[in-house]
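Coordinates in review
Given next are the chains, with one letter for each unit.
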Amino acid sequence: MFFHIVLERNMQLHPRHFGRDLRDKLVAKLMKDVEGTCSGRHGFVVAITGIESVGKGLIRDGTGFVTFPVKYQCVVFRPFKGEISEAVVTMVNKMGFFAEAGPVQIFVSNHLIPDDMEFQSGDIPNYTTSDGSVKIQKDSEVRLKIIGTRVDATEIFCIGTIKDDFLGVISDPGATS
Amino acid sequence: MAEKGEKGFSLSNGGKSSLKSPASFKGKDDSTAKSKRGRKVQFDAEEAKISMSSKSGGKVDKPVARGDWGKGGKGDKIANGGEVPVVKAPPPLELKIEHELPENAKCLMDCEAAEILQGIQEQMVILSEDPAIKIPISFDRGLQYAKRGSHYISPHPVRRVLDALKLHNVSDGEVSMIANVGPESVEEVFALVPSLKD
């Protein structure tokens, strides 16, 4: 789920950047340092939308660096347990399938796939119902519920399920429109 | 198999369960109950429900303890003395955002996020001419996800309509999730957002 949030960060700037473009350089450095990063509390910082305030700089003793407290607004993406998400399948194997929802990877174990769907190996591995009416394969869109999350240094990984009501395949890449 | 459980416990069902017998359970302090929660044991379907609810602090132990666990060698149904243990289904997983994000966080619908990110992308086209500036992968993926997930032409009327739900104590996260899901029936809403049933 996307959120619009205000975060604060202390930015260190080298004296060579001081001058009339100091604020622009501070913002550019902020964008470079923050955009694309991931934290457990806020999730992925997708984009910075604005700068709320730049505090007074403090000169660090012993070096010429100056630390500026910067408050900025940004769009973050963070998955939550219990959230319903629409993801695109990226890989299918006998243990389950992997899907992507934005920058987040989600794994759905075969234990959390409805029992009437079975794994079919082959050139295009997939899960198919016994009557062949529903198929989950690469590039299928599925609606799933997130039941667990794990945060690494650079990414968030989730576990999902499609075993509840109103969950499952939304669209099949092989189906004609 | 008897050693599977704590000291003083007896396994009366031929190893089917490692639940405590009533005699040994009485008088045990909390430390035993706490260590019980950390153990992984194999149960059949009925006992699995009991073990799941026992993680909540041993509340189910009392009704189970009334059964004939001490007699030994009997199946689950018989050992209970004909009593059906009170088994509560685990509560459905609910969305709880407020506790984990700061108060100033505003939950965005996918269509709103798509609008914001689209505007930023147009500015980024100019910035991307500078080789020192790299557009992060998460931005592209986030924008693609937001565009694909949004079912609406304009987010503003959607926000106006769904904000009316806040008068009925529906949280921001739930409102956004309803908008993102695009439900076709009331049953679908209650199935996907179980917290609304309260």
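Residues numbered from 1 in each chain as written. Chains lettered and ligands numbered in written order. Predicted model: local features only at pLDDT ≥ 70, side-chain atom pairs only at ≥ 80, totals over all residues. Heavy atoms only, no water.

Once that is clear, we can look at unusual backbone geometry. One non-glycine residue with positive phi stands out, namely F166(A), at about 65 degrees. The topology assignment puts F166(A) in the loop between strand 13 (156–161) and strand 14 (168–171). Judged by relative accessible area, which is 39%, F166(A) ranks as partly exposed. For N169(B), which is not a glycine, the phi torsion comes out positive at approximately 65 degrees. Relative to the assigned elements, N169(B) resides in the loop between helix 8 (155–163) and helix 9 (172–181). (Helix = DSSP H or I, 4+ residues; strand = E, 2+ residues; numbered from the N terminus. Buried < 20%, exposed > 50% of the residue type's maximum accessible area, 1.4 Å probe, protein only.)

Taken residue by residue, the interface counts 41 residues in chain A and 38 residues in chain B. Where chain A touches chain B, the interface holds two salt bridges. A salt bridge links R148(B) to E141(A); its shortest N-O distance comes to 4.0 Å. Inspection of the chain A/chain B interface yields seven residue pairs in polar contact (both at pLDDT 80 or more). (Contact = heavy atoms within 4.5 Å. Salt bridge = Lys/Arg side-chain N within 4 Å of Asp/Glu carboxyl O. Polar contact = N/O pair within 3.5 Å; in protein donor to acceptor, adjacent residues only side chain to side chain.)

In this section: the domain arrangement of chain A. All names here are of chain A. Domain annotation for chain A reports domain 1 (2–77) and domain 2 (84–176). Computed over C-alpha atoms, the centres of domain 1 and domain 2 are 37 Å apart. On the side of domain 2, eight residues touch domain 1, which itself brings six residues to the contact. Buried area between domain 1 and domain 2, both sides added, is near 530 Å², and the carbon and sulfur share of it is 80%. At the boundary of domain 1 with domain 2, the tally comes to zero salt bridges. Inspection of the region where domain 1 meets domain 2 yields zero residue pairs in polar contact (both at pLDDT 80 or more). Where the side of domain 1 that touches domain 2 is concerned, the elements lending two or more residues are strand 2 (38–39) and strand 3 (43–54). Here the residues of the side of domain 1 that touches domain 2 sort into three nonpolar, three polar and no charged. (Domains from an automatic or database assignment. Buried area = accessible area lost by both parts, 1.4 Å probe. Nonpolar A, V, L, I, M, F, W, Y, C, P; charged D, E, K, R; others polar.)

Bringing the pattern of salt bridges into the picture now. All names here are of chain B. Per the stated rule, a full pass over the model turns up eleven salt bridges over all chains. For the salt bridge of D163 with K166, the shortest nitrogen-to-oxygen distance reads 3.4 Å. Judged by relative accessible area, which is 28%, D163 ranks as partly exposed. One network of salt bridges, with partners in common, ties together E112, R159, D163, K166 and D172.

In this section: the packing of aromatic side chains. In this structure the tally under the stated criterion is seven aromatic pairs over all chains. In textbook terms, an aromatic cluster arises when at least three aromatic residues are bridged by ring pairs, as seen for F2(A), F77(A) and Y145(B). (Phe/Tyr/Trp six-rings, centres within 6.5 Å; stacked < 30°, edge-to-face > 60°.)

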